[in-house]
Amino acid sequence: MVSIFDLLYTDYTHRRRTHPRIGWGRTEWESEDIALAMLEAILAEPGRGHLGIHRQVYLRNMFLHNRNRLDARHREFIQNRSSFDFVIYNRITNENMCAIEVDGHSTHEANPEQRARDELKDEICRRYNFGILRLPTTGSGEAAQVRRFLDRRT
């Protein structure tokens with residue numbers, strides 16, 4: 001396998017169902033279940049014990065202060081139940097460090113409306129200097145990408 005998301009393809013259906021490290025059904029999407037298992041394994045590595053993970057965190061709970069950084073369109077987006085798939089936080093300080101998004105091809109890349117929402121979310125993150133990493137399900141090398149991202153952000 002080149003990508004953790006290779007398990008989503010039909011050739012891997014049996015392997016997907018029997019994979020011992022993936023807790024299926026912990027999220028709404030199989031792609032997020034796979035990503036969550038990978039993230040948990042990475043956070044269990046030496047030197048990362050101070051990091052934890054939250055799932056489906058609303059942006060309105062993340063960006064409470066300095067809303068003047070946002071225009072009306074951004075504020076409305078935040079209030080309309082927009083969320084991050086995963087937020088990495090410091091378990092000692094309880095500070096939110098960065099976000100990780102899983103972008104499925106059919107729901108993100110092939111959908112212009114979703115791409116526009118993703119761009120809005122990315123812009124909000126830039127305005128707050130809050131790191132966001134997008135993992136497309138058509139990509140590869142996700143674990144290495146996550147490690148590099150965490151090394152820069154934490």
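Residues numbered from 1 in each chain as written. Predicted model: local features only at pLDDT ≥ 70, side-chain atom pairs only at ≥ 80, totals over all residues. Heavy atoms only, no water.

Participant: Help me get a handle on the sheet that holds strand β1 (residues 51-58), residues and values and all.
Facilitator: Read across the sheet, four strands follow the order β1-β2-β3-β4 without closing on themselves; strand pairing throughout is mixed. Of all strands in the sheet, those bounded by a partner on one side alone are β1 and β4 (131-136). Looking at each pair of strands side by side, their axes are set apart by 25° on average, direction ignored. The sheet contact formed by strand β3 (residues 96-103) and β4 spans six bridges and is parallel. Within β4, the position partnered with cysteine 98 by the bridge is glycine 131. (Pairing = 2+ DSSP bridges. Helix = DSSP H or I, 4+ residues; strand = E, 2+ residues; numbered from the N terminus. Axes fitted to C-alpha atoms, helices over the stretch in contact; angles between N-to-C directions.)

Participant: With reference to specific residues and values, describe helix α2 (residues 30-43).
Facilitator: Over its 14 residues, α2 extends 20 Å from the first C-alpha to the last, a length consistent with the 20 Å expected when each residue adds 1.5 Å. For α2, a buried count of eleven out of 14 residues is recorded, marking the element as mostly surrounded by other parts of the structure. Looking only at α2, the buried set comprises Ser31, Glu32, Asp33, Ile34, Ala35, Leu36, Ala37, Met38, Leu39, Ile42 and Leu43. On its buried face, α2 is in contact with β1, β2 (83-90), β3, β4 and α7 (142-153). (Expected span 1.5 Å × (residues − 1). Buried < 20%, exposed > 50% of the residue type's maximum accessible area, 1.4 Å probe, protein only. Contact = heavy atoms within 4.5 Å.)

Participant: Break down the environment of alanine 35 for me, with residues and values.
Facilitator: Relative to the helices and strands, alanine 35 resides in helix α2. Remark: the alpha-carbon pair of alanine 35 and threonine 137, spanning 102 residues in sequence, is separated by 9.7 Å. Beyond its immediate sequence surroundings of up to four residues, alanine 35 is in contact with Ile4, Phe5, Phe86 and Val102.

Participant: Describe helix α4 (residues 72-79), and please don't skip the residues or the numbers.
Facilitator: Regarding α4, the residues found buried are His74, Phe77 and Ile78. Viewed along the axis of α4, the buried residues span an arc of 100°, placing them on a single side of the element. Facing away from the buried side of α4 by more than 90 degrees, the exposed set consists of Ala72, Arg73 and Glu76. Contacts from the buried residues of α4 go to α3 (59-62) and α6 (112-127). Backbone nitrogen of arginine 73 and a side-chain oxygen of the N-cap are separated by 3.1 Å at the start of α4; the cap is aspartate 71. The positive-phi residue at the C-terminal boundary of α4 is arginine 81, with phi of around 60°. (Arc of directions from axis to C-beta. Polar contact = N/O pair within 3.5 Å; in protein donor to acceptor, adjacent residues only side chain to side chain.)

Participant: Can you lay out the pattern of salt bridges for me, pointing to particular residues and giving the numbers?
Facilitator: This structure, assessed with the given rule, holds ten salt bridges. In this structure, the salt-bridge partner of arginine 48 is glutamate 45, at a minimum N-O distance of 3.5 Å. Owing to a relative accessible area of 10%, arginine 48 belongs among the buried residues under this scheme. Glutamate 45 sits in the partly exposed class, given a relative accessible area of 22%. Between aspartate 122 and arginine 134 there is a salt bridge, with the nearest N and O atoms lying 3.0 Å from each other. (Salt bridge = Lys/Arg side-chain N within 4 Å of Asp/Glu carboxyl O.)

Participant: Tell me about the packing of aromatic side chains, residues and numbers included.
Facilitator: A complete count under the given rule lists four aromatic pairs for this structure. Taking 5.7 Å as the distance between ring centres and 85° as the angle between the ring planes, the aromatic pair formed by phenylalanine 63 and phenylalanine 130 counts as edge-to-face. Within this pair, whereas phenylalanine 63 is found in the loop between α3 and α4, its partner phenylalanine 130 is found in the loop between α6 and β4, the two being separated by 67 residues in sequence. When the ring of phenylalanine 84 is compared with that of phenylalanine 130, the centres are 5.8 Å apart and the planes differ by 40°; the resulting orientation is tilted. A residue pair is termed long-range when its members are at least 10 positions apart, and phenylalanine 84 in strand β2 and phenylalanine 130 in the loop between α6 and β4 qualify at 46 residues. Phenylalanine 130 sits in the buried class, given a relative accessible area of 11%. (Phe/Tyr/Trp six-rings, centres within 6.5 Å; stacked < 30°, edge-to-face > 60°.)

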